[in-house]
Amino acid sequence: MANSTLTKKINLYGWLFVIPAALFIFVLNFYPMISAFMLSLQSGRGNNLKFAGLKNYARLFQDEMFLTSVGNVLTYLAIQVPIMLLLALVLASMLNDPKLRFKGLFRTFIFLPCATSLVSAALIFKTFFSIDGIANISLMALHIISEPKSWLTDPFWAKAIIILTITWRWTGYNTVFYLAGLQTIDRSIYEAARIDGASASRQFFHITIPLLKPVILLTTIMSTNGTLQLFDEVKNITNGGPGIATLSISQYIYNLSFMYNPQFGYAAAVSYAILVMVAILSLIQMKVGNRK
Amino acid sequence: MKKTICVAMVLLLLTSSLVFAAGKAETAPAVTDPNAPVTLTVWCWDPMFNIYAMNEAGKIYKADHPNVTVEVVETPWADLQQKLITSLSANATSNLPDIILMQDNAIQKNVVNYPEAYVALNGKIDLSQFAQFKVDVGTVDGKNYGVPFDNGATGTFLRSDIIEKAGLKVSDFTDITWERFIELGKIVKQKTGVAMISTVANEPDFPMLMLQSAGTWMFDENGKAYIKDNTVLKEALKITKEMVESGVCVLVQDWNAYIATLNNGTVASTINGCWIVGSISAEPSQSGKWAVTNTPRFANIASSVNYSSQGGSGWMVMANSKHPDVAIDFLAKTFGGSVELYETILPTSGAIATWLPAAKSPVYSKPIEYFGGQKIYEDLVGYAGKVPNVKYGIYNYEARDAIARALSEVMQGANIDSALATAQKNVEFLMSE
Amino acid sequence: MKQRTVSSIGKYVFLSIVCLFSVFPFYFIIVASTNLSVDIIKGRMFFGNHLFENIKTLVSTVKLGNAFWNSLRNSIVGTIASLFVCSLAGYGFQIYRDKGKNTLMGLLLLSMMVPFAAIMVPLFRMFSQARLLDTTAGFILPTISTAFLIFFFRQSSESFPLETVHAARVDGLGEFGIFFRIYVPIMAPTFAAAAIVTFMAAWNNYLWPLIIMQSQESQTMPLLITGLTAGYTTDYGILMLSVTITTLPTLILFFTQQKRFVEGVLGSVK
């Protein structure tokens, strides 16, 4: 009898712990989300919104700018995320070596870029790659190019520089996650493999990666999520240009809301498109992750 | 246990009181005493031009109305638009200023989308003395919303010393065509090594300027997108591309870099609205070395003239203002009524009046030392009178972006017709609901 | 023997190159802070002696102290509030684990997939109706509770033994008492790691502050930086100086706390 009232009391407390945080998310995240969904069913300019059903969603498929921005973001995703995560894995496994000297120093320097704000990172790289920036000066000094190249006004290179900036900024973050994960792996497994004659790369691919699967999955989903919602870097380095070669979906939403004739209903539909893509990709990644 | 709950609550209260206490204090309700201190907040950009002009206007008004202080908050145009729309869309206008500066090509869009946000000025300010085309730009459905400010009349601003080195004179650049301009630019580059002109890459400034010089725009009289069949636009893109490819025009990546090319002597000229005078004049070592003449026109387009407009803006009074009458009176007495204001701001900033009484002032016929003694303001006012009038419409920004993209694609080698067809499709898409 | 030396030299070279690449931009912004804008544009890569001049210009051009204080206050208050709310939740989700809570956790995780762009305008409307525009509360409320942090604390709490909880109950400690008196001290590394990540995120936040800030007085450092680039001409010296100043607090935080940080992340990954 006393036990069940105690259990009841404990249960109550259990919920008390959880409710404030949950409430915040419901009010400040889910509610606006639902409100945005309502908005996406309306169309019109400014505050003149009328009900339009799913028309906005149908419009998405005819919207060349939207489709281009999706293409851009998927390009970033396909190139940047694998490179960054692979690099982070390699770095983490190197840093995990007990015989490595200056470990603390390396680790600090690698994580350092995460201390910058995205705006700062964007500005730094924009300055580097400007016409009279360091990149051109160094490349000319090394005789790799003969005259200054306008990196940011070239559709291909503009994308490349954005990818470079993101990689610079986030690799350290993922490295720390992998490093932590690696430290849970027993040294003896590696020892046994070494005695069996396995090379470092064999060990890497057949021991490290499989054992780190859950962490790799986590970082992949986080990176996918972040890349699909990319805004700060694109806005501050190229502003979507040249033309719309680097436009991200979030930036398109921003333009639809604040730069053109405001179409908040349609902008809301575009943002739901991001949500759907993130959800689908995350599901696929989880399925793949759980299968192997 | 109780104790720990208490501690937790206190912590939470402390945190939240810190949080809420740091918020802004409630502003006192507006008083009706005419002599009570009034602060008019103004959002605008460009310290050398608009901000300078507004501060001077504030000084002049304060002389007769010591209780009124004009406070300018420097707000870049892109930020201003975004803040404005964010606040208006959420019906949260308490933080908006009393007066804003609005680019001419955005006035229609903003008024049509948020008509209650702005104060209609009919009958409150005498706008009859302003150049008609500027008043039209700020009129929607017969109501006036903008107090016209500066003229965007364009000119070709030349480094007379550099073109002289190439064996050319200012008159060689007068009343010419774009094709001739490119030829001359090649000569200058060849003889002096200096590029003729610069522009921000992926910005459609040149095509816009060229369109207006031919009296057309990206929309026809019915408001439909007029892009892919627009022969003037095609020609404009062709010429811009040729300018860049021939080396006559240097592309820079943003506005700062553009201003730097002027101040550092990287280019021998610029073609832009007359408000560029303020930025040109910021470099003391170039004093005496500049000159102005009119804008090139198209060779093959009959309606094209040697005059155009770029930019230009007007002041608008916000409906959320606590002192709309003071704001209106301020604008009426300064930008709409003070010859002294225009005389003050003209020499240093190049702000050319669209208020006709001011344009008759002798200040306009003073020789300007920075421009080698040329009476540039007389000339520029003359140009302003010949600028073809166009209706910008409300989808200007969508169209601008689309043309910018088309231009960038054409620079990369795309076919002009297909680039414009894409642009038309995009604009029509954004125009549809 | 030889192979191992070669491969380990290779490792050091690779790591050094990566570190160089990571650190070079910091060298650049610090050096640029000491030079004049004209020199930076020309590509000067060495220390100059214009640091004080740049500081003076920066301070007279913008309200630096004000922006710094705003950033600091918002970040600290936001971090404390965040740690408080999310640690309680993470603890609750783990220690009082049941089906209902698992479902709730899954639901909350969905919120991580919501792009901020989607909720930014509805959020703005809500905050303006609640008269929270331009207030500290306005800046930090949307970021106080994040599914990521809750998840982090939940995962980390897996290593907190339930026997301790039971024993403490027997000793007469209340539920909250257990949390504050026993859990918090033991899980200090977790809190440290969470504090670092949260502080960094709050300090560098850009888009939401951009929208909710309405006056110069509430400007934060990232907004101050973009403000410096939006004028007609950019002074790169003071721009880079402001970037340096903005980066310093998070840099210092990480330098001094990195051991705890790795420990804390380790605790969540185990």
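Computed from a predicted model, the values in this text were never measured in an experiment.

With that settled, consider the interface of chain A and chain B. For an interface, size is often stated in terms of accessible area lost upon the parts coming together. Residue-level contacts link 37 residues of chain A with 33 residues of chain B. Across the interface of chain A and chain B, roughly 3000 Å² is buried in total on both sides, 49% from carbon and sulfur atoms. When the area that chain A buries against chain B is broken down by residue, the three leading residues are Arg45, Tyr260 and Asn261 of chain A, summing to 21%. Between chain A and chain B we count two salt bridges in total. Where Lys126 of chain A meets Asp254 of chain B, a salt bridge forms, and the shortest distance between an N and an O atom there is 3.6 Å. Inspection of the region where chain A meets chain B yields 11 residue pairs in polar contact (both at pLDDT 80 or more). Counting residues per element, the ones that place at least two in the side of chain A that touches chain B are α2 (55-60), α3 (64-95), α12 (249-259) and α13 (264-291) of chain A. The residue inventory of the side of chain A that touches chain B, partitioned by class, reads 17 nonpolar, 12 polar and eight charged.

This part covers the confidence of the model for chain C. Residue and element names in this part refer to chain C. Within chain C, residue pLDDT values average 85, and 96% of them lie at 70 or more. The secondary structure element of chain C with the lowest average pLDDT is helix α2 (residues 37-42), at 74, and the one with the highest is helix α4 (residues 64-95), at 93. The ipTM, which scores confidence in the relative placement of chains, is 0.84 for this predicted complex, and the corresponding pTM is 0.84.

Summed over the entire model, instances satisfying the criterion amount to 18 salt bridges over all chains. Across the pair Lys11 of chain C and Asp97 of chain A runs a salt bridge whose closest N-O atoms are separated by 2.9 Å. Note that Lys11 of chain C is positioned in helix α1 (residues 2-33) and Asp97 of chain A in the loop between α3 and α4 (103-111), a pairing that runs across two chains. A relative accessible area of 24% means that Lys11 of chain C is categorised as partly exposed. Under the relative-accessibility criterion, Asp97 of chain A is labelled buried at 15%. By sharing partners, the salt bridges in this structure join Glu64 of chain A together with Arg405 and Glu409 of chain B into a single network.

Now for unusual backbone geometry. Although it is not a glycine, Asn239 of chain A adopts a positive phi angle of roughly 55°. Within the secondary structure layout, Asn239 of chain A lies in the loop between α11 (232-237) and α12. On the accessibility criterion, Asn239 of chain A (45% relative accessible area) is partly exposed. Here Arg131 of chain C, not a glycine, exhibits a phi torsion of approximately 55°, which is positive.

About the criteria used
Residues numbered from 1 in each chain as written. Chains lettered and ligands numbered in written order. Predicted model: local features only at pLDDT ≥ 70, side-chain atom pairs only at ≥ 80, totals over all residues. Heavy atoms only, no water. Contact = heavy atoms within 4.5 Å. Buried area = accessible area lost by both parts, 1.4 Å probe. Salt bridge = Lys/Arg side-chain N within 4 Å of Asp/Glu carboxyl O. Polar contact = N/O pair within 3.5 Å; in protein donor to acceptor, adjacent residues only side chain to side chain. Helix = DSSP H or I, 4+ residues; strand = E, 2+ residues; numbered from the N terminus. Nonpolar A, V, L, I, M, F, W, Y, C, P; charged D, E, K, R; others polar. pLDDT = per-residue confidence, 0-100. Buried < 20%, exposed > 50% of the residue type's maximum accessible area, 1.4 Å probe, protein only.

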